[in-house]
Amino acid sequence: RLCTFEQWLVCSAGLARKLPRLKEPADLRALPWVANTALKNAARWRFQRRSESTTVSTLPVIAADTTIGTHACVLAGAGLSVLPDYLVRDDVERGNLVRVLPQWLLPLGGVHAVLPAMRFRSAAVRAFVDFMAAAAAQIAARSSESRAMP
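Along each chain, numbering runs from 1 in the same order as the chain's sequence is written. With pLDDT at 70 or above as the cut-off, local features in this predicted model cover only qualifying residues; side-chain atom pairs require 80 or more to be listed or tallied, and sums for whole chains, interfaces and linings still use all residues. Side-chain metrics in this entry use all non-hydrogen atoms of the structure; hydrogen atoms and water are not considered.

Tell me about the side chain of Ser12, and please be specific about residues and values.
Put simply, DSSP H or I for four residues or longer makes a helix, DSSP E for two residues or longer makes a strand, and each gets a number counted from the N terminus. Relative to the helices and strands, Ser12 resides in strand E2 (residues 7-12). For each residue, the accessible area found with a 1.4 Å probe, counting protein chains only, is set against the maximum for its type, and the residue is called buried under 20%, exposed over 50%, and partly exposed in between. Overall, the relative accessible area of 7% leaves Ser12 in the buried class. For this analysis, a polar contact is any N or O atom pair within 3.5 Å, provided that within protein one partner can donate a hydrogen and the other can accept it, and provided that sequence-adjacent residues contribute only side-chain to side-chain pairs. Within the structure, Ser12 has its side chain in polar contact with the backbone nitrogen of Leu15 (distance 3.1 Å). Residues contacting Ser12, with those up to four places away along its chain left out, are Val74, Leu75, Gly77, Asn96 and Leu97. Only heavy atoms enter the contact rule, under which two residues are in contact if any of them lie within 4.5 Å.

As structure tokens, this is what we get:
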């Protein structure tokens, strides 16, 4: 594992204005969702707040097979979705996206380097893994900064 990151539930600012007042994850069940089918459970999410935990099954109205595609659909107002904080932070800060139920936490995501078991790795592979580790460290630092904010 190179780093971890937060996952944020977000929707477009336009959609947020149309949503009813949401108080808890159960309120999300009937809302439109964008499923990221690159994930194992694209329509099922576990939320946690203090010692309370709940799982919500969602109703996707559209599916994308990449995180970037999911992000584009959410920006266009197609529905809510869970996306990595490092991908959507700038959109949230600019007001293009809105965090939904930010007091409820989602499981952390991770960036992993998966390599075949070998005694020796080529210089190119070592350089690539080192590059990815440095990039992942930057992602982790930004994610840590957001956890430290009030």
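I'd like a rundown of the pattern of salt bridges, residues and numbers included.
Think of a salt bridge as a Lys or Arg side-chain nitrogen and an Asp or Glu carboxyl oxygen that are within 4 Å of each other. Overall, the coordinates contain 3 salt bridges when judged by the stated rule. Between Asp85 and Arg89 there is a salt bridge; the shortest N-O distance is 3.1 Å. Remark: Arg89 and Asp85 occur in helix H3 (residues 85-94); sequence separation between them is 4 residues, near one turn of the helix. Residue class for Arg89 comes out buried when judged on its relative accessible area of 5%. For the salt bridge of Asp91 with Arg94, the shortest nitrogen-to-oxygen distance reads 3.1 Å.

Describe the packing of helix H2 (residues 67-75) against H3, naming the residues involved and giving the relevant values.
Put simply, H2 and H3 touch, their axes get as near as 11 Å, and they point 20° apart. Taken together, the axes of H2 and H3 are roughly parallel relative to one another. Read as a crossing pair, H2 and H3 show a hand that is right-handed. Residues Thr67, Ile68, His71 and Leu75 of H2 touch H3, and the partners they reach there are Leu87, Val88 and Asp91. Between the N-to-C directions of two axes lies an angle of 0 to 180 degrees, each axis being a line fitted to C-alpha atoms and, for a helix, fitted only over the stretch in contact. Should an angle lie under 35 degrees it is considered roughly parallel, over 145 roughly antiparallel, and from 65 to 115 roughly perpendicular; all remaining angles are considered oblique. Take the far helix as your reference; a near helix turned counterclockwise from it by less than a right angle gives a left-handed crossing, and one turned clockwise gives a right-handed crossing.

Could you give an account of the packing of aromatic side chains, naming the residues involved and the relevant values?
The geometry of an aromatic ring pair comes down to the distance between the two centres and the angle between the two planes. Note on aromatic contacts: the rings of Phe and Tyr and the six-membered ring of Trp form a pair at centre separations within 6.5 Å, being stacked when their planes are under 30 degrees apart, edge-to-face when over 60 apart, and tilted otherwise. What the rule picks out here adds up to 1 aromatic pair. Ring geometry for Phe5 against Tyr86: centres 5.2 Å apart, planes inclined by 90°, an arrangement best described as edge-to-face. Note that Phe5 is positioned in strand E1 (residues 3-5) and Tyr86 in helix H3, a separation of 81 residues in sequence. Its relative accessible area of 8% is what places Phe5 among the buried residues. Tyr86 gets classed as partly exposed once you look at its relative accessible area, which sits at 32%.

Please set out the sheet that holds strand E7 (residues 81-84) residue by residue, giving values where relevant.
Spatially, 3 strands are ordered E7-E2-E8 in an open sheet, and the strand pairing comes out antiparallel. The open sheet is flanked by E7 and strand E8 (97-99), the only strands paired with a single partner. Between one strand axis and the next, the sheet turns through 50° on average, direction left out of account. The sheet contacts of H2 involve E2, E7 and E8, and relative to E7 the element is tilted by about 125°. Here, strands pair whenever DSSP counts at least two bridges between them.

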